[in-house]
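Here is how the chains run, residue by residue.
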Amino acid sequence: MIITFPNGQEVDVIFDDTTHSYQVAHKLADGSLTDYRPTHGITAPLAVVPKPFLTPWGAKVGVEALLEHLLNNPISPEDLEQFFIDKAAYEKNARTDDNKPVMSYYRFAKKYPWFAKVKSAYKQKSKEGQELGTWLHKGIEEFYLSDRKKVPLITEEVQGMWDSFTMFDNFFKPKADADGLEFLVYSLMFGYSGQGDFRGVVNGKKCIGDWKTTNRNSANTDGISIEYFFQLGGLAQAEYERTGVWAEDLFAANFDKEGGEPRVVWASEFGMGPQDCARAYISCFNNYHMIETWDYKFKKRY
């Protein structure tokens, strides 16, 4: 996708949906393009943002996976004791008299396959959530591009999310720009690329929005966290560079997997505008690259 900036400079941004990576080429004065070079995505700098809900969620998923396994495969006290003995030998790399491992990684994994599954349960759960999120994003895009005539294939698994989105659409009646769905951005100033979910008019304001399907819980009843607005700020910054005009507001919309009411939070609700969110994102961006540089130099100090 060619992105043109106010100074006449043009950049071609290619997004690989499989690897979720970006390639960028700049157009030269003679009309040719430079070689395509990888550029990091907009979400990379958000690694520096604390995620207080993630660790408890991962622990919860792991415990549930363990309990499900024990329910279907009861384990005796003797077998459980042996598991901890083998685990200690494996972790400490205990050796026999002839210097062979008491419990190698291969033997441990083969003897206790359920342990690896429990440890990685959060990854599987996260992957399932990503797949549902991808389905919803594509469904919303097709729905709006068809002027709300084309509804995606609804299964029992996604019915709740779609019902929640429909409530949002019926209430807010968002109108996307002609190219404002799953749109690509590139920041000339900072060199990052990204993809936004929605750019258009909502409640009479020019907005950038983000669709979310994050699970809700007692600690996060909206399923929306502050880092979403940092990411929206990165999108707003890149769009400002492209157009010379700031969006009027930013929002995150969470669609409930169980079909409950959508939750919508606006940056203006808590006294922040697109410029504030952009500054927050750039702060994360600078911090991220500082940490990456220090980490690289520390490891390469010898």
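Here's a quick rundown of the structure. This structure is a prediction, so every number in the text was calculated from the model and none was measured. (Residues numbered from 1 in each chain as written. Predicted model: local features only at pLDDT ≥ 70, side-chain atom pairs only at ≥ 80, totals over all residues. Heavy atoms only, no water.)

Section: a nonpolar patch on the surface
- A cluster of nonpolar side chains, Leu70, Ile75, Leu80 and Phe84, forms an exposed patch at the surface whose accessible area comes to about 320 Å².
- Relative to the assigned elements, Leu70 resides in helix H1 (residues 54-72).
- Under the relative-accessibility criterion, Leu70 is labelled partly exposed at 31%. (Patch = residues over 30% accessible without salt bridge, like charges linked within 9 Å, V, L, I, M, F, W, Y side chains within 5 Å. Areas by Shrake-Rupley, 256 points an atom, 1.4 Å probe, with all protein chains shown as cover. Salt bridge = Lys/Arg side-chain N within 4 Å of Asp/Glu carboxyl O. Helix = DSSP H or I, 4+ residues; strand = E, 2+ residues; numbered from the N terminus. Buried < 20%, exposed > 50% of the residue type's maximum accessible area, 1.4 Å probe, protein only.)

Some words on the environment of Tyr144
- Inspection of the secondary structure puts Tyr144 in helix H5 (residues 121-145).
- You can call Tyr144 buried: its relative accessible area is 11%.
- Leaving out residues up to four positions away in the same chain, Tyr144 has contacts with Phe165, Phe168, Asp169, Pro174, Leu181 and Trp211.
- For Tyr144, the side chain forms a polar contact with the side chain of Asp169, separated by 2.7 Å. (Contact = heavy atoms within 4.5 Å. Polar contact = N/O pair within 3.5 Å; in protein donor to acceptor, adjacent residues only side chain to side chain.)

What about the packing of H5 against helix H6 (residues 156-172)?
- Between H5 and H6, the shortest axis-to-axis distance is 11 Å and the interhelical angle comes to 45 degrees. When the axis of H5 is compared with that of H6, the two are oblique. The interaxial crossing formed by H5 with H6 has right-handed handedness. Contact residues: H5 offers Leu132, Trp135, Leu136, Gly139, Ile140, Phe143 and Tyr144, while H6 offers Glu157, Val158, Met161, Trp162, Phe165, Phe168 and Asp169.
- Split into classes, the residues belonging to the contact of H5 with H6 amount to eleven nonpolar, one polar and two charged. (Axes fitted to C-alpha atoms, helices over the stretch in contact; angles between N-to-C directions. Parallel < 35°, antiparallel > 145°, perpendicular 65-115°, else oblique. Left-handed = near helix turned anticlockwise from the far one by under 90°. Nonpolar A, V, L, I, M, F, W, Y, C, P; charged D, E, K, R; others polar.)

Side note on the nonpolar core
- Judged by nonpolar contacts, the single largest core of 24 residues is most densely connected at Ile208, Phe229 and Leu250.
- Looking at this core, the elements that each hand over two or more residues are strand E5 (175-186), helix H7 (227-243), strand E8 (249-254) and helix H8 (274-299).
- Looking at this core, the element that brings in the most residues is H7, giving seven residues.
- Look past the residues within four positions of Phe229 in its chain and what remains in contact with it is Ile224, Leu250, Phe251, Ala252, Val265, Trp266, Ala267, Phe270 and Cys277. (Core = buried A, V, L, I, M, F, W, Y, C linked by side-chain atoms within 4.5 Å.)

Regarding the sheet that holds strand E2 (residues 10-16)
- Strand order in this open sheet of four strands is E1-E2-E3-E4, and the pairing throughout is antiparallel. Sheet topology places strand E1 (2-4) and strand E4 (37-39) at the edges, where each strand pairs with a single neighbour. Across this sheet, the average inter-strand angle for adjacent strands is 35 degrees, counted without regard to direction.
- In terms of strand pairing, strand E3 (residues 21-26) meets E4 through three bridges, oriented antiparallel. Paired with Val24 across the strands is Arg37, a residue of E4. (Pairing = 2+ DSSP bridges.)

Section: the packing of H7 against H8
- Running from N to C, H7 and H8 point in directions that differ by 105 degrees, and their axes come no closer than 7 Å. The angle between H7 and H8 places the two elements in the roughly perpendicular class. Of the residues in H8, those in contact with Phe229, Phe230, Gln231, Gly233, Gly234, Ala236 and Gln237 of H7 are Pro274, Cys277, Ala278, Ala280, Tyr281, Ile282 and Cys284.
- Looking at side-chain class alone, the contact of H7 with H8 contains ten nonpolar, four polar and no charged residues.

Description of the sheet that holds E8
- Here we have five strands laid out as an open sheet, ordered E5-E6-E7-E8-E9, and mixed in their pairing. Edge positions in the open sheet fall to E5 and strand E9 (263-266), since each of these has one partner strand only. Strand after strand, the sheet turns through a mean of 30 degrees between neighbouring axes, direction not considered.
- Across six bridges, the pairing between strand E7 (residues 205-212) and E8 is parallel. Residue Asp210 lies in a different strand from E8, and its bridge partner there is Ala252.

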